[in-house]
Amino acid sequence: PPMEFIPLAEECGLISEIGDWVLIEACTQQANWVEKGITDFSVSVNVASDQLESGELFSKVSKIIETTKILPSRLILEITENTLLGTTEAIIEQMVQIRQLGVILEIDDFGTGYSSLSYLKRFPVDTLKIDRAFIKDLPGDKDDISIVQGIIALAHNLGLSVVAEGVETNEQKALLQTLECDVIQGYLLSRPLPVNELEVWLKESVYL
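Residues numbered from 1 in each chain as written. Predicted model: local features only at pLDDT ≥ 70, side-chain atom pairs only at ≥ 80, totals over all residues. Heavy atoms only, no water.

1. Examining the packing of helix H2 (residues 15–35) against helix H4 (residues 57–68)
Where we set the bar: Where helices are involved, their axes are fitted lines through C-alpha atoms of the stretch in contact, as for all axes, and angles between N-to-C directions lie from 0 to 180°. Here a helix means four or more residues in a row that DSSP labels H or I, a strand means two or more in a row labelled E, and each is numbered from the N terminus. These descriptions rest on fixed angle ranges, namely under 35 degrees for roughly parallel, over 145 for roughly antiparallel, 65 to 115 for roughly perpendicular, and the rest for oblique. Should the near helix be turned anticlockwise from the far one by less than a right angle, the crossing is left-handed, and should it be turned clockwise, the crossing is right-handed. Here, two residues are considered to be in contact whenever any of their heavy atoms come within 4.5 Å of each other. Here the nonpolar group is Ala, Val, Leu, Ile, Met, Phe, Trp, Tyr, Cys and Pro; Asp, Glu, Lys and Arg are the charged ones; every other residue, Gly included, is treated as polar.
Two numbers describe how H2 lies on H4: the axes approach to 10 Å, and their chain directions differ by 25°. Overall, the two elements H2 and H4 adopt an arrangement that is roughly parallel. Between H2 and H4 lies a crossing of right-handed hand. Only Lys 60, Val 61, Ile 64 and Thr 68 of H4 make contact with H2, whose side of the interface consists of Asp 20, Leu 23, Ile 24, Cys 27, Thr 28 and Ala 31. Here the residues of the contact of H2 with H4 are counted per class, giving six nonpolar, two polar and two charged.

Next comes the structure, spelled out in structure tokens:
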């Protein structure tokens, strides 16, 4: 599971290499599907703090987009809220450059980190992803409803879109629609699939 191998990869200093490989593979696969006529979808890739701090992420993303010829607007880079702690101006500038390519930047696990809300004014991001911790007890937990409603309102007032992760029931989906959440992610739509099965899902999905 990721919670086991990611900390080990970070400890061994391999997380950047793994992250780069994942980014290349994801974009290559996306280009492959586009060639087959499957176009109405985006691919999200997690970015590790080491990748951001290396100062090379912008050049790598630019090269991958040029090589694979994917639409930049169909690539989403997810950065966890905690990764943004202590972010330098150089990293923010790199994020600005990546966003200028047309790539979507998303804050992952929003609401669970220690970032000040003032950070939202500094970071050039497009989307907030609400952590599953606030979704799993919906619609029964009134406090979680208030938190989710507040995050959605905050994001929309800042011109950002919102993704709710960990959606598993139609009741959760219906509530999030009522709260005007933009996108949902979770087992309600599909569990993780190998490439060949995901290709079939993309062709047949009613959610796209």
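2. Overview of the packing of aromatic side chains
Selection criterion: Pairing of aromatic rings covers Phe, Tyr and the six-membered ring of Trp, with a centre-to-centre limit of 6.5 Å; geometry is then stacked below 30 degrees between planes, edge-to-face above 60, and tilted otherwise. For each residue, the accessible area found with a 1.4 Å probe, counting protein chains only, is set against the maximum for its type, and the residue is called buried under 20%, exposed over 50%, and partly exposed in between.
A full pass over the atoms with the stated rule returns one aromatic pair. Summarising the aromatic geometry, the rings of Trp 33 and Phe 41 are spaced 5.7 Å apart at their centres and angled 75° between planes, so their arrangement reads as edge-to-face. With respect to class, Trp 33 is no different from Phe 41; both count as buried.

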